[in-house]
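The chain contents come next:
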Amino acid sequence: MSTTPTQTPNPTLAWVFDGDSVLCQEGVPHAITVDDLSCHDDVFTLSGHYLLTFTQIQSLGMALVGEFVPYRQLVATLTADMTCQFSTAIQLLTWQHTHRFCGVCGTPTQIANSEYAKVCPNCRHHSYPKIQPCVIVAITRKNPNTQKQQILLAKHHRHAHANMYGLIAGYVEVGESLENAVHREVLEETGLHIKNLHYLESQAWPYPTNLMLGFVAEYESGVLAPQADELADVQFFDLDNLPHIPNIGTIARRLIDLVCLQH
Ligand SMILES: [Zn+2]
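If you're wondering where the values come from, they're calculated on a predicted model, not measured in any experiment.

Describing the pattern of salt bridges
- As enumerated under the stated definition, the model contains 7 salt bridges in all.
- We note a salt bridge from Glu176 to Arg184, for which the minimum N-O separation is 2.5 Å.
- A salt bridge links Glu185 to Arg184, with the shortest nitrogen-to-oxygen separation between them at 3.2 Å.
- On the basis of relative accessibility, which here comes to 10%, the residue Glu185 falls in the buried class.
- By sharing partners, the salt bridges in this structure join Glu173, Glu176, Arg184, Glu185 and Glu188 into a single network.

Now the structure itself:
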């Protein structure tokens, strides 16, 4: 069954996804018209739209017009509501793909009727979409020479080609508090100790299933020593002289903008 918590009776529109990318026309997400798919037992619905993968479209023999645009590119232009919907959709489809079999007994799973869950018809084990908590932190200090406000920005190897500087971030480890995770990540990646750590806000980020938890903190002590296998560079930048930073729509950009507004 294609039943989910937000199912509508016979939706005829569908969003189409290819991994993290959404079918668009001229850069704008484009819902296609489809027949009633309620007889299919592997199709999710969300806010009155079916969620289909490119693979499913191919198996239905449908032709598509348009282009697939990565979510991380679309967030700069989408409304908050659309951003939330597509983030949810991408994570549901990822979960669908990676949880096809029961983790206890190996039987093929089924989509639950009344919630986003997959149920084993053999042993009744329920599994739910996995969310991975990830901390991200904007660290500030005063420029020791000029007393101008500065922010710590790092160039990760994965963004080195774009010469983009972002914030320190990392996954929360099992058994760890969010605060401990921030202190540990900052020390591991930069060699610095921080103080006055405060939580600000969060963002669901479907790469692949992250819940980004955004913090601000102040530099306390230590000498910058970037972790070589993670970072190509890390520096404190004056707020009026920032390098290339992440796009609008990302929590990294939101935290950097908030720091700039406050100083
Ligand atoms: Zn089972």
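Points about the coordination of the zinc ion
- At the metal site, the zinc ion is ligated by Cys102 (SG), Cys105 (SG), Cys120 (SG) and Cys123 (SG), and these contacts range over 2.3 Å.
- Of note is the zinc ion, whose 4 donor atoms meet at the metal with angles of 98 to 121° in an arrangement that counts as tetrahedral.
- Along the chain, the residues donating to the zinc ion fall in the pattern C-x2-C-x14-C-x2-C. Residue Cys105 is located in the loop between helix H3 (80-98) and strand S8 (110-111), and its partner Cys123 is located in the loop between strand S9 (118-119) and strand S10 (126-127); the two are separated by 18 residues in the primary sequence.
- Classification of Cys105 by relative accessible area gives partly exposed; the value is 35%.
- For Cys123, a relative accessible area of 35% translates into the label partly exposed.

Side note on helix H5 (residues 251-262)
- In this model, H5 (12 residues) spans 16 Å end to end at C-alpha, consistent with the 16 Å of a helix rising 1.5 Å per residue.
- Where H5 is buried, its residues meet strand S11 (132-142), strand S12 (149-156), strand S14 (193-205) and strand S15 (210-221).

Let's talk about the pairing of strand S2 (residues 21-25)
- Of all 5 residues making up S2, 4 are buried, and the element is well covered by its neighbours.
- Where strand S1 (residues 13-18) and S2 come together, 2 bridges link them in antiparallel fashion. In the strand pairing of S2, Asp18 is matched with Ser21.
- Between S1 and S2, which follow one another and run antiparallel, lie 2 residues, and Gly19 among them has a positive phi close to 65°.
- Where S2 lies against strand S7 (residues 67-70), 4 bridges are found, and the strand directions are antiparallel. Note that in S7 the partner of Ser21 across the bridge is Pro70.
- Sheet topology note: the S2/strand S3 (residues 28-29) ladder contains 2 bridges and is antiparallel.

Cut-offs and rules
- Residue positions are given per chain, counting from 1 as you read along its sequence in written order.
- Under the rules for a predicted model, residues below a pLDDT of 70 receive no local features and side-chain atom pairs below 80 are neither given nor counted, while totals for whole chains, interfaces and linings still include all residues.
- Side-chain numbers here rest on the full set of heavy atoms in the structure, without hydrogens or water.
- Whenever Lys or Arg places a side-chain nitrogen within 4 Å of a carboxyl oxygen from Asp or Glu, that contact is recorded as a salt bridge.
- Here's how the labels work: a residue is buried when its accessible area is under 20% of the maximum for its type, exposed when over 50%, partly exposed in between, all with a 1.4 Å probe on protein chains only.
- For Na, K and Ca the donor cutoff is 3.2 Å, while for all other metals N, O and S atoms must lie within 2.8 Å; water is not among the atoms, so some sites may look incomplete.
- The rule is simple: four donors are tetrahedral if all their angles sit between 85 and 135 degrees, four are square planar and six octahedral if opposite donors span more than 155 degrees and the others lie between 65 and 115, and anything that fits none of that is irregular.
- Helix and strand assignments come from DSSP, with helices taken as H or I runs of at least 4 residues and strands as E runs of at least 2, each series counted from the N terminus.
- Expected helix span is given by 1.5 Å per residue-to-residue step, counting one fewer step than there are residues.
- By the convention used here, residues are in contact when the closest approach between their heavy atoms is within 4.5 Å.
- One requirement defines pairing of two strands: DSSP has to find at least two bridges between them.

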